[in-house]
Amino acid sequence: MTSSIRIKLSIMMFLEFFIWGAWFVTLGTYLLRNLSATGTQVGVAFLTQSIGAIVAPFIIGLIADRFFSAQKILGVLHLAGALLLWRASSSPDFGSFYPNILTYMVLYMPTLALVNSIAFRQMQNPQKEFATIRVLGTLGWIVAGLTIGWLNWEQSGSLRATFLMAAGASALLGVFSFMLPATPPVKRGQSSSLGDMLGLDAIGLLKNRSYLIFFLASIAICIPLAFYYGFTNPFLNEVGMKAAAGVQSLGQVSELLFMLLIPFFFTRLGVKKMLAIGMLAWVVRYVFFAYGDGQSNYWMLIAGIVLHGICYDFFFVTGQIYTDNLAGERFKSSAQGFITLATYGVGMLIGTLLSGRIFDNYQLSEGVHDWRMIWLIPAGIAGAVVLLFLLLFKDRPQDQGSESTSFDAAPELAQAK
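What counts and how
- Residue positions are given per chain, counting from 1 as you read along its sequence in written order.
- Residue-level local features of this predicted model are given only where pLDDT is at least 70; pairs of side-chain atoms are given and counted only at 80 or more, and the full residue set underlies all totals for whole chains, interfaces and linings.
- Side-chain metrics in this entry use all non-hydrogen atoms of the structure; hydrogen atoms and water are not considered.
- Nonpolar cores are built from buried Ala, Val, Leu, Ile, Met, Phe, Trp, Tyr and Cys residues. Side-chain atoms within 4.5 Å join them into one set.
- Per-residue accessibility, obtained with a 1.4 Å probe over protein chains only, is compared with the maximum for each type, and a residue is labelled buried under 20%, exposed over 50%, and partly exposed between these values.
- A run of H or I in DSSP counts as a helix once it spans at least four residues, and a run of E counts as a strand once it spans at least two, with each numbered from the N terminus.
- Delimitation of the domains relies on an automatic or database domain assignment.
- Residue contacts are defined here by distance: any two heavy atoms, one from each residue, within 4.5 Å place the two residues in contact.
- Side-chain rings of Phe, Tyr and Trp, where Trp is taken by its six-membered ring, are said to pair if the distance between their centres is within 6.5 Å; with planes under 30 degrees apart they count as stacked, over 60 as edge-to-face, and otherwise as tilted.
- When the NZ atom of lysine or the CZ atom of arginine is within 6 Å of a ring's centre and also within 35 degrees of its normal, the charge is said to sit over that ring.
- To get an axis, a line is fitted to the C-alpha atoms, and for a helix only the part in contact is used. The angle between two axes follows their N-to-C directions and goes from 0 to 180 degrees.
- Angular relationships are summarised with four words: roughly parallel below 35 degrees, roughly antiparallel beyond 145, roughly perpendicular across 65 to 115, and oblique for the angles in between.
- Working rule for handedness: look at the near helix, and if it is turned counterclockwise from the far one by less than a right angle, call the crossing left-handed; if clockwise, right-handed.
- Each residue is assigned to one of three groups, with Ala, Val, Leu, Ile, Met, Phe, Trp, Tyr, Cys and Pro labelled nonpolar, Asp, Glu, Lys and Arg labelled charged, and all others, Gly among them, labelled polar.

Student: Describe in detail the nonpolar core, supporting the description with residues and values.
Tutor: What tends to happen in soluble globular proteins is that the nonpolar side chains get buried as a cluster. Counting residues in each nonpolar core, the largest one holds 124 residues, and the members touching the most others are Met12, Trp20, Trp23, Leu31 and Phe97. Among the elements that take part in this core, helix 13 (residues 308-361) stands out by supplying 17 residues, more than any other. Both of domain 1 (1-184) and domain 2 (196-395) provide at least three residues apiece to this core. In this structure, tryptophan 23 is in contact with Leu85, Ile101, Tyr104, Met105, Thr162, Phe163 and Ala166, ignoring residues within four places of it in sequence.

Student: Explain helix 2 (residues 27-34) residue by residue, including any values.
Tutor: Leu27, Gly28, Thr29, Tyr30 and Leu31 are the residues of helix 2 that are buried. Among the residues trailing helix 2, serine 36 stands out with phi positive, at a value near 50°.

Student: Mind laying out the packing of aromatic side chains, listing which residues take part and the relevant values?
Tutor: Evaluated as defined, the whole model comprises 39 aromatic pairs. Plain terms: the ring middles of tyrosine 211 and phenylalanine 214 are 5.4 Å apart, the flat faces sit at 55° to each other, and that makes the pair tilted. One end of the pair, tyrosine 211, and the other, phenylalanine 214, are both in helix 9 (residues 209-238), 3 residues apart, so they sit about a helical turn from each other. Judged by relative accessible area, which is 0%, tyrosine 211 ranks as buried. When its relative accessible area of 2% is taken as the criterion, phenylalanine 214 is described as buried. Residue placement shows arginine 134 over the ring face of phenylalanine 17; its charged tip is 4.3 Å from the ring centre.

Student: Kindly report on the packing of helix 4 (residues 70-89) against helix 5 (residues 94-121), identifying the contributing residues and their values.
Tutor: Axis separation between helix 4 and helix 5 bottoms out at 9 Å; the angle between their running directions is 155°. Here helix 4 lies roughly antiparallel to helix 5, going by the angle between them. The element helix 4 and its partner helix 5 pack so that their crossing is left-handed. The segment helix 4 lies against helix 5, with Ala70, Gln71, Ile73, Leu74, Leu77, His78, Ala80, Gly81, Leu84, Leu85, Arg87 and Ala88 engaging Phe97, Asn100, Ile101, Thr103, Tyr104, Leu107, Tyr108, Pro110, Thr111, Leu114, Val115 and Ile118.

Student: Tell me about the packing of helix 2 against helix 9, and please be specific about residues and values.
Tutor: Where helix 2 meets helix 9, the closest approach of the two axes is 6 Å, and the angle between their N-to-C directions is 60°. Residue-level contacts link Gly28, Thr29, Leu32 and Arg33 of helix 2 to Gly230, Asn233, Pro234 and Asn237 of helix 9. When its residues are assigned to classes, the contact of helix 2 with helix 9 shows 2 nonpolar, 5 polar and 1 charged.

Structure representation (structure tokens):
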């Protein structure tokens with residue numbers, strides 16, 4: 001891979017996740033403050049991510065893999081996305097906002113797979129080359145959060161600007177995509193079944209009892225995960241944290257650091273302990289949020305944010321590696337699609353709807369909530385999941401695969417969040 005291509009791929013990855021981080025982190029706060037939305041409506045807005053995750057395989061399977069070059073589809077999707085983000089920024093109420101953001105996420109979620117596909121096709125050794133490109137995506141998310149905090153948009157009530165910033169970046173990436181290396185379709189003239197697109201060919205993995213337990217735990221742990229995505233930023237702003245979006249970027253810094261440490265822990269702890277620690281970190285995080293505040297227990301808020309690295313990497317990345325090793329060469333791609341559909345599709349769908357209702361139920365007065373109860377509920381759910389997982393999951397060495405396979409797969413399987 002030439003240095004020119006490397007620079008182009010790095011810019012692509014930076015902008016891809018800058019766009020997402022520019023509006024997604026503060027979405028809940030924007031809806032509650034600017035559009036006077038209810039908690040249920042906030043949950044429905046975050047549900048668009050799940051809908052997009054479910055629809056994405058069809059767009060990739062039916063269009064990108066068979067008819068058009070990936071970089072051209074990426075460009076069209078981001079140009080259309082820029083228009084939708086601009087329209088969302090000018091929506092006066094939730095009723096007019098929701099159709100724009102729903103359509104946007106249906107178009108955006110497939111781009112996550114497209115940028116990976118474009119990058120992989122330019123690499124001779126993805127296991128060694130991808131990580132240095134992919135890290136720019138997490139950096140883009142971090143820069144977006146720091147920018148929001150630096151410009152004080154949360155405290156000044158200017159979060160509409162986050163959508164305009166994201167729209168500008170989306171338009172830029174849309175134009176830039178047509179300058180990316182050509183990535184023609186790999187399945188031109190081939191047919192794709194519904195099972196291929198949704199990863200259902202890997203459903204046979206559920207015959208493995210331990211994998212079935214992991215699969216169900218993955219869906220269940222995404223229920224409390226939805227509380228974090230939807231209501232962390234409104235919570236931090238309500239308790240008085242300054243530049244909350246910028247502080248939340250510490251979670252992505254933590255994610256990067258723990259990603260590098262996965263090989264070290266994996267060889268010493270194994271799959272079961274890694275997954276359990278990841279789920280247990282969710283319990284600890286929500287307990288910290290429940291008892292943290294903007295005064296003497298401010299450290300609990302910071303600790304809860306920094307735990308993101310363990311929460312995400314130890315469970316989701318380890319789980320992706322576990323899935324990759326168990327699936328074998330034939331079903332690797334379909335297995336990853338299957339687990340993504342289950343987590344970001346089914347699990348997050350349930351979680352977003354539940355979290356919104358709980359948020360509404362514990363509103364004490366206008367702009368004041370019983371955050372202790374709001375956070376203890378997902379802590380309890382995560383605690384029940386980890387307990388059942390420890391009791392039922394059997395850690396079998398043959399399911400873990402070789403060290404080199406596991407560790408080399410980690411960077412390319414990881415998604416930033």
